[in-house]
Amino acid sequence: MILLIIIVIAIVVFIYFNLKNNETEYINLIVGGGGYQILKFRNVKDFAISKAGIDFIKKFEGFRAKAYNDARIPPVLTIGYGHTKNVYAGQVITEEQATIFLKEDLALAEKRVKNNVKIAISQNQYDALVSHVFNNGISTTLFKIINLGTSQVYKGNLYDLQKWWTTTYITAGSSSELAGLVTRRKEEYLIYTT
């Protein structure tokens with residue numbers, strides 16, 4: 001108990017000096033299981049997608065050197081790591097070019113996250129949100145839940161973040177679930193919560 005009090009006092013002092021110096025970093029202490037964990041949260045405007053976030057997106061998008069029709073209905077010509085802008089039939093690119101396209105494409109997803117998140121979040125949360133937006137586009141429901149808490153009534157429905165995140169956007173325009181999207185949503189949510 002004394003150790004916990006000392007930790008809380010140290011955190012309060014840390015927060016005081018950070019706020020005094022106009023820092024935008026916040027911390028959250030999670031106590032449980034005989035230990036504690038400190039998570040750092042910052043204003044969403046201070047973030048850029050991390051290398052781990054880019055690698056996560058690359059893993060699920062998969063590299064395709066030649067243009068192909070994706071699983072959407074109607075299909076969209078896609079190349080590299082999910083790139084669709086100005087793609088033409090028969091186009092071939094290198095993995096390096098695909099990475100450049102991906103970073104360009106992620107800029108829009110990052111802008112959407114920064115414009116819609118109104119709370120302080122962690123790097124993992126930012127990366128998970130960018131992945132989600134990159135894969136699905138903007139979701140006002142997702143950002144409403146994020147900004148108001150993990151379980152909210154929105155448009156007359158009760159939304160639980162975990163349930164919503166892991167069961168929404170798991171089809172590609174069809175009525176049947178795609179295993180890759182189910183896995184991606186679960187892994188994104190896991191990243192969001194760690």
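The structure we're discussing is the one just above.
Residues numbered from 1 in each chain as written. Predicted model: local features only at pLDDT ≥ 70, side-chain atom pairs only at ≥ 80, totals over all residues. Heavy atoms only, no water.

S.K.: Which parts of the structure should I look at to understand the overall build of the protein?
M.R.: A count of helical and extended segments in the protein gives 7 helices and 6 strands. When its helices and strands are written in sequence order, the protein yields α-β-β-α-β-β-α-α-α-β-β-α-α. In the protein, which comprises 194 residues, the proportion classed as buried is 37%. Contacts in the protein between residues at least 24 apart in sequence constitute 48% of all its contacts with a sequence separation of at least 6. In the structure as shown, the protein presents an accessible area of about 11400 Å², 57% of it carried by carbon and sulfur atoms. (Helix = DSSP H or I, 4+ residues; strand = E, 2+ residues; numbered from the N terminus. Buried < 20%, exposed > 50% of the residue type's maximum accessible area, 1.4 Å probe, protein only. Contact = heavy atoms within 4.5 Å. Areas by Shrake-Rupley, 256 points an atom, 1.4 Å probe, with all protein chains shown as cover.)

S.K.: I tried to follow a nonpolar patch on the surface on my own but got confused; where do I start?
M.R.: Where nonpolar side chains cluster on the molecular surface, the patch consists of Met1, Ile5 and Ile9 and spans about 360 Å² of accessible area. Take Ile9: it is sitting in helix 1 (residues 2-20). (Patch = residues over 30% accessible without salt bridge, like charges linked within 9 Å, V, L, I, M, F, W, Y side chains within 5 Å. Salt bridge = Lys/Arg side-chain N within 4 Å of Asp/Glu carboxyl O.)

S.K.: I keep staring at the packing of aromatic side chains and nothing clicks. Help me out?
M.R.: Each aromatic ring pair is described using two quantities: the centre-to-centre distance and the angle formed by the ring planes. A complete count under the given rule lists 6 aromatic pairs for this structure. Measuring from ring centre to ring centre gives 5.0 Å for Phe56 and Phe60, while their planes differ by 55°; the resulting arrangement is tilted. With a gap of 4 residues between them, Phe56 and Phe60 both fall in helix 2 (residues 51-61), about one helical turn apart. Of the residues examined, Phe56 reaches a relative accessible area of 10% and is grouped as buried. Plain terms: the ring middles of Trp165 and Tyr189 are 6.1 Å apart, the flat faces sit at 65° to each other, and that makes the pair edge-to-face. (Phe/Tyr/Trp six-rings, centres within 6.5 Å; stacked < 30°, edge-to-face > 60°.)

S.K.: Before we go on, may I ask you to explain the packing of helix 4 (residues 123-136) against helix 5 (residues 140-148) in this structure?
M.R.: When two helices pack together, their arrangement is given by the angle between the helix axes and the distance between those axes. Contact geometry of helix 4 with helix 5 gives a least axis separation of 11 Å together with a crossing angle of 165°. Relative to helix 5, the element helix 4 is oriented roughly antiparallel. When you trace helix 4 past helix 5, the crossing you get is left-handed. Here Leu129, His132 and Val133 of helix 4 come into contact with helix 5, specifically with Leu142, Phe143 and Ile146. Considering only residue class, the contact of helix 4 with helix 5 consists of 5 nonpolar, 1 polar and no charged. (Axes fitted to C-alpha atoms, helices over the stretch in contact; angles between N-to-C directions. Parallel < 35°, antiparallel > 145°, perpendicular 65-115°, else oblique. Left-handed = near helix turned anticlockwise from the far one by under 90°. Nonpolar A, V, L, I, M, F, W, Y, C, P; charged D, E, K, R; others polar.)

S.K.: I'm lost on the side chain of Thr99 in this one. Help?
M.R.: Structurally, Thr99 is set in helix 3 (residues 95-116). Judged by its relative accessible area of 17%, Thr99 falls in the buried class. Not counting residues within four places of it along the chain, the set of residues in contact with Thr99 comprises Lys58 and Tyr81.

S.K.: Explain helix 3 to me, please; I cannot follow it from the model alone.
M.R.: Side chains of residues three or four places apart in an α-helix project in the same direction, reflecting 3.6 residues per turn. With 22 residues, helix 3 extends 31 Å from end C-alpha to end C-alpha; this agrees with the ideal 32 Å at 1.5 Å per step. Of all the positions in helix 3, only Ala98, Thr99, Phe101, Leu102, Asp105, Leu106, Ala109, Glu110 and Val113 are classed as buried. Summarising the contacts, the buried residues of helix 3 are in contact with helix 2, strand 4 (77-80), helix 4 and helix 5. (Expected span 1.5 Å × (residues − 1).)

S.K.: Any chance you could explain the environment of Trp165 here in plain terms?
M.R.: With respect to the helices, strands and loops of the structure, Trp165 is situated in helix 6 (residues 161-167). Here the alpha-carbon distance between Trp165 and Tyr189, two residues 24 residues apart in the chain, equals 6.6 Å. Aside from chain neighbours lying at most four places away, what touches Trp165 is Ala128, Leu129, His132, Leu142, Ile146, Arg185, Glu188, Tyr189 and Tyr192.

S.K.: What's the story with unusual backbone geometry in this structure? I'm lost.
M.R.: A negative phi holds for most residues other than glycine; trans holds for most peptide bonds. Even without a glycine there, the phi angle at Asn86 is positive, about 55°. With respect to the helices and strands, the residue Asn86 is situated in the loop between strand 4 and helix 3. Judged by its relative accessible area of 65%, Asn86 is exposed. In the Ramachandran plot, Tyr169 falls in the positive-phi region, its phi being about 60° despite a non-glycine side chain. Given a relative accessible area of 33%, Tyr169 falls into the partly exposed group.

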